Amino acid sequence: MTIFKRQNEKSLSDLVKELIHDPKIVNKYTSIRIEKAWEENFGAQISKHTHKLNYYQRILTIYLTSSVLRHELLLGKAKIIKTLNESLGEELIDDIYFK
């Protein structure tokens, strides 16, 4: 019995390695990790007023439904960045914008 091998065949491990290094997948995975860390660290009350999180080029933009909450979070911006980075286990966030 003869086994034919195709020229473009790749092993499963090679395909997974390619996927892991694909920038689109890395960015999406990072965004999901940040959303999860946000909910875990700041609880249901703040998450309830969070409309959307956007992570792009090491900047996290948080869209809120409450202007009062936006002001309160702005006052603790440095602590929030530190808390999220510690929760993520690496320095992913350099700045946060509240909108």
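Caption draft 1: Main features of the overall build of the protein chain. Broken down by element type, the protein chain carries 4 helices and 3 strands. The order of α-helices and β-strands along the protein chain, N terminus first, is α-α-β-β-α-α-β. Its C-alpha atoms give the protein chain a radius of gyration of 19 Å, more than 25% over the compact-globule value 13 Å for 99 residues. Over its C-alpha atoms, taken along the principal directions, the protein chain stretches across nearly 75 × 25 × 20 Å. Looking at the 99 residues of the protein chain, the share that counts as buried comes to 27%.

Caption draft 2: Layout of the environment of Lys 77. Looking at the element boundaries, Lys 77 is found in helix 4 (residues 77-88). What makes Lys 77 partly exposed here is its relative accessible area of 22%. In this structure, the C-alpha to C-alpha distance between Lys 77 and Tyr 97, residues 20 residues apart in sequence, is 8.8 Å. In this view, Lys 77 contacts Asp 95, Ile 96 and Phe 98; residues no more than four positions away in its chain are not counted. Reaching out from Lys 77, the side chain makes a polar contact with the backbone oxygen of Ile 96 at a distance of 3.2 Å.

Caption draft 3: A look at the pairing of strand 3 (residues 95-98). Here strand 3 shows one buried face, formed by Ile 96 and Phe 98, and one open face, formed by Asp 95 and Tyr 97. Direction of pairing for strand 2 (residues 59-64) relative to strand 3: parallel, over a ladder of 4 bridges. Among the inter-strand pairings, Thr 61 is bridged to a residue of strand 3, identified as Tyr 97.

Reading the values: the criteria
Every chain's residues receive numbers from 1 upward, in the order its sequence appears when written. Local features in a predicted model are, by the rule used here, given only for residues with pLDDT of at least 70; side-chain atom pairs are given and counted only at 80 or more, and totals for whole chains, interfaces and linings are based on all residues. Hydrogens and water molecules were not included; the side-chain quantities draw on all heavy atoms of the structure. Secondary structure elements follow DSSP: runs of H or I no shorter than four residues count as helices, runs of E no shorter than two count as strands, and numbering proceeds from the N terminus. With C-alpha atoms as the basis for the radius of gyration, the globule rule is written as 2.2 Å multiplied by the number of residues raised to the power 0.38. Relative accessibility decides the category of a residue: with a 1.4 Å probe and only protein chains considered, values under 20% of the type maximum give buried, values over 50% give exposed, and everything between is partly exposed. In what follows, a contact means two residues having at least one pair of non-hydrogen atoms within 4.5 Å. Polar contacts here mean pairs of N or O atoms no more than 3.5 Å apart (in protein, one a potential hydrogen donor and the other a potential acceptor; neighbouring residues in sequence count only if both atoms are side-chain atoms). Two strands qualify as a pair provided DSSP detects at least 2 bridges between them.

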